[in-house]
Amino acid sequence: MAGFAPAAMTRAARIALMGFDVDGVLTDGSLYFSSQGDEIKVFSSLDGHGLKMLQRAGVEVAIISGRSSRALELRAQNLGIAALHMGVEDKRGLITELAAQRGIELAQAGYMGDDVVDLPILRACGFSATVADAHDEVRSRVDYVASKGGGRGAVREVCDLILRAQGKWDAAMAEYLA
């Protein structure tokens, strides 16, 4: 596929389970708090629809975050994502457990993260991706760096890459082009 590195496409073609970090990936990484202490998160609708398309195509989506947030719970519900894991300190251990529960190899699991705390899970998975504005150490160690920043369409870009790599893009687009 034009625009995507062949090695990234090969790795993405195997993905059955794709995990995503939240702050800096599904959001721009900013943390907003109201004067009452409520946390406010801003999510991209483009990213959300990409996650829905990925799920419809048979790729399980998991959200794995080191932080917990009611806003994230609501967003995951809105997107129909049952595999929501918040307050996770050992993301690598969790993806290993999720893969084992599903009877898949880690080579069939992917993750998109943005900071050095994500390196253990990114290095363990068969496909790794990050956002354009990720930490330098992460950008230099993943299979794919999106052209867009966190919370600004980077997740959608990776969802599209996976759909194309798995030969599911045309079917995913068919309902919109009918």
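In short, a report on the structure. (Residues numbered from 1 in each chain as written. Predicted model: local features only at pLDDT ≥ 70, side-chain atom pairs only at ≥ 80, totals over all residues. Heavy atoms only, no water.)

Quick look at the overall build of the protein chain now. Summing up its helical and strand segments, the protein chain has eight helices and eight strands in all. Against the globule reference of 16 Å for 178 residues, the protein chain gives a C-alpha radius of gyration of 15 Å, in line with a compact fold. Counting only C-alpha atoms, the protein chain reaches 50 × 40 × 30 Å along its principal axes. Counting across all 178 residues of the protein chain, residues that qualify as buried make up 49%. On the protein chain, roughly 8400 Å² of surface is accessible, and the fraction owed to carbon and sulfur atoms is 49%. Charge centroids of the protein chain, computed over 19 positive and 23 negative side chains, lie 4 Å from each other. (Helix = DSSP H or I, 4+ residues; strand = E, 2+ residues; numbered from the N terminus. Rg over C-alpha atoms; globule rule 2.2 N^0.38 Å. Buried < 20%, exposed > 50% of the residue type's maximum accessible area, 1.4 Å probe, protein only. Areas by Shrake-Rupley, 256 points an atom, 1.4 Å probe, with all protein chains shown as cover. Lys, Arg positive; Asp, Glu negative; His and termini not counted. Charge placed at Lys NZ, Arg CZ, Asp CG, Glu CD.)

Position of Thr27 among the secondary structure elements: in the loop between strand S1 (17-20) and strand S2 (32-33). Those residues in contact with Thr27 that lie beyond four places of it in its chain are Val22, Lys41, Val42, Phe43, Gly150 and Gly151. (Contact = heavy atoms within 4.5 Å.)

Looking now at the sheet that holds strand S8 (residues 144-145). The sheet built from six strands is open, its strands ordered S5-S4-S1-S6-S7-S8 with parallel pairing. Edge positions in the open sheet fall to strand S5 (83-85) and S8, since each of these has one partner strand only. Here S1 pairs with strand S6 (residues 109-112) via four bridges, running parallel. In the strand pairing of S6, Leu17 is matched with Ala109. (Pairing = 2+ DSSP bridges.)

Our focus in this paragraph is the packing of helix H2 (residues 45-56) against helix H8 (residues 169-177). Think of two packed helices as two axes; the pair is described by the angle between the axes and how far apart they sit. For the pair H2 and H8, the least separation of the axes is 10 Å and the interaxial angle reads 115°. In terms of crossing hand, the pair formed by H2 and H8 is right-handed. Contact with H2, carried on its side by His49, Met53 and Arg56, involves Trp169, Ala172, Met173, Glu175 and Tyr176 of H8 and no other residues of that element. Split into classes, the residues belonging to the contact of H2 with H8 amount to five nonpolar, one polar and two charged. (Axes fitted to C-alpha atoms, helices over the stretch in contact; angles between N-to-C directions. Left-handed = near helix turned anticlockwise from the far one by under 90°. Nonpolar A, V, L, I, M, F, W, Y, C, P; charged D, E, K, R; others polar.)

Right, let's get into the pairing of strand S4 (residues 60-64). In terms of burial, S4 is a largely internal element, four of the five residues being buried. Taken together, the four bridges between S1 and S4 define a ladder with parallel strand orientation. Bridging from a neighbouring strand, Met18 pairs with Val61 of S4.

For the coordinates displayed, the defined rule picks out zero aromatic pairs. Sitting above the plane of the Trp169 ring, Arg164 keeps its charged end 4.1 Å from the centroid. (Phe/Tyr/Trp six-rings, centres within 6.5 Å; stacked < 30°, edge-to-face > 60°. Lys NZ or Arg CZ within 6 Å of the ring centre and 35° of its normal.)

Another point: the pairing of S6. When a strand is regular, its side chains alternate between the sheet's two faces. Burial along S6 is two-sided: the residues Ala109 and Tyr111 and Gly110 and Met112 are all buried. Strand direction decides the pairing type here: S6 and strand S7 (residues 127-130), joined by three bridges, are parallel. From the neighbouring strand, Met112 faces S7, where its bridge partner is Ala129. Following the chain from S6 across helix H5 (residues 119-124) to the adjacent parallel S7, one finds a crossover that is right-handed. (Right-handed = clockwise from strand over helix to strand, strands pointing away.)

Once that is clear, we can look at the environment of Arg123. When you line up the elements, Arg123 lands in helix H5. You can call Arg123 exposed: its relative accessible area is 65%. Along the primary structure Arg123 and Arg56 are separated by 67 residues, whereas in three dimensions their C-alpha atoms are 27 Å apart.

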